[in-house]
Amino acid sequence: MKKITMLGTLLAAVAISGCSAQSAELTAKDLQHHRFELLTLDGTPVIAQHGGKPSIEFGEKMHVSGAMCNRFMGQGQLENELLTVKQLASTQMMCSDPLLNKGDQLIGAMLQKGVNVSLQSNQLTLTEGPHVLVYRAKEWVN
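Residues numbered from 1 in each chain as written. Predicted model: local features only at pLDDT ≥ 70, side-chain atom pairs only at ≥ 80, totals over all residues. Heavy atoms only, no water.

Engineer: I tried to follow helix α3 (residues 98-113) on my own but got confused; where do I start?
Structural biologist: Residues lying three or four places apart along an α-helix face the same way, a consequence of the helix completing one turn every 3.6 residues. The end-to-end C-alpha distance of α3 is 23 Å, a good match for the 22 Å that 16 residues give at a rise of 1.5 Å each. Buried residues of α3: L99, L100, N101, G103, D104, L106, I107, G108, M110 and L111, and no others. N-cap assignment for α3: the residue whose side-chain oxygen lies 2.8 Å from the backbone N of L99 is D97. In the stretch just after α3, G114 is the one whose phi turns positive, near 120°. (Helix = DSSP H or I, 4+ residues; strand = E, 2+ residues; numbered from the N terminus. Expected span 1.5 Å × (residues − 1). Buried < 20%, exposed > 50% of the residue type's maximum accessible area, 1.4 Å probe, protein only. Polar contact = N/O pair within 3.5 Å; in protein donor to acceptor, adjacent residues only side chain to side chain.)

Engineer: Which parts of the structure should I look at to understand the nonpolar core?
Structural biologist: Soluble globular proteins tend to bury their nonpolar side chains together. Counting residues in hydrophobic clusters, the biggest one holds 29 residues, and the most contacted among them are L126 and Y135. Looking at this core, the elements that each hand over two or more residues are β1 (34-41), β3 (55-58), α3, β9 (115-120), β10 (123-128) and β11 (131-140). Sorting elements by how many residues they give to this core places α3 first, with six residues. Residues contacting L126, with those up to four places away along its chain left out, are I56, I107, M110, V115, N116, V117, H131, V132, L133 and Y135. (Core = buried A, V, L, I, M, F, W, Y, C linked by side-chain atoms within 4.5 Å. Contact = heavy atoms within 4.5 Å.)

Engineer: I'm lost on the pattern of salt bridges in this one. Help?
Structural biologist: It is possible for side chains of opposite charge to pair when their charged atoms get near one another. With the rule as written, the count across this model stands at five salt bridges. Where E37 meets R35, a salt bridge forms, and the shortest distance between an N and an O atom there is 3.6 Å. Each member of the pair, E37 as well as R35, is classed as buried. Of the charged contacts, one joins K102 and D42 as a salt bridge, the two residues approaching to 3.1 Å between their closest N and O atoms. You can see K102 sitting in helix α3 and its partner D42 sitting in the loop between β1 and β2 (44-45), a full 60 residues away along the chain. On the accessibility criterion, K102 (36% relative accessible area) is partly exposed. Residue classification places D42 among the partly exposed positions, given a relative accessible area of 26%. Each of R35, E37, E57 and R136 takes part in a single network of salt bridges with overlapping partners. (Salt bridge = Lys/Arg side-chain N within 4 Å of Asp/Glu carboxyl O.)

In structure tokens form, the structure reads like this:
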């Protein structure tokens with residue numbers, strides 16, 4: 001009976017340690033020097049335009065930049081998987097694609113307010129309220 005109890009305790013400890021290893025918190029180092037291309041915006045697939053697909057990049061010291069229809073950039077801060085770019089700068093052009101116009105407004109508001117970030121395999125997800133932007137890792141950036 002003691003062997004069964006000890007085995008059960010050992011298995012429980014292994015299961016708990018396995019769960020904690022999988023739930024490691026996302027850090028700035030996980031994002032820095034990576035570029036991601038937008039796959040979907042609130043569930044709608046995003047099609048590449050003349051300049052390529054909308055993207056987001058994370059540079060040195062969490063400098064965040066990217067594009068929807070317009071380019072955006074600013075100094076990001078990641079804390080408890082919440083990404084905030086308080087002073088976000090962007091260009092102000094109108095886009096012929098209504099989805100990308102919506103994306104411009106969303107990404108700006110989400111980053112300034114603070115957006116929940118998750119990274120699984122090569123997929124980056126930004127979530128704020130009902131809005132979800134799903135990106136795919138594209139390349140390493142300097």
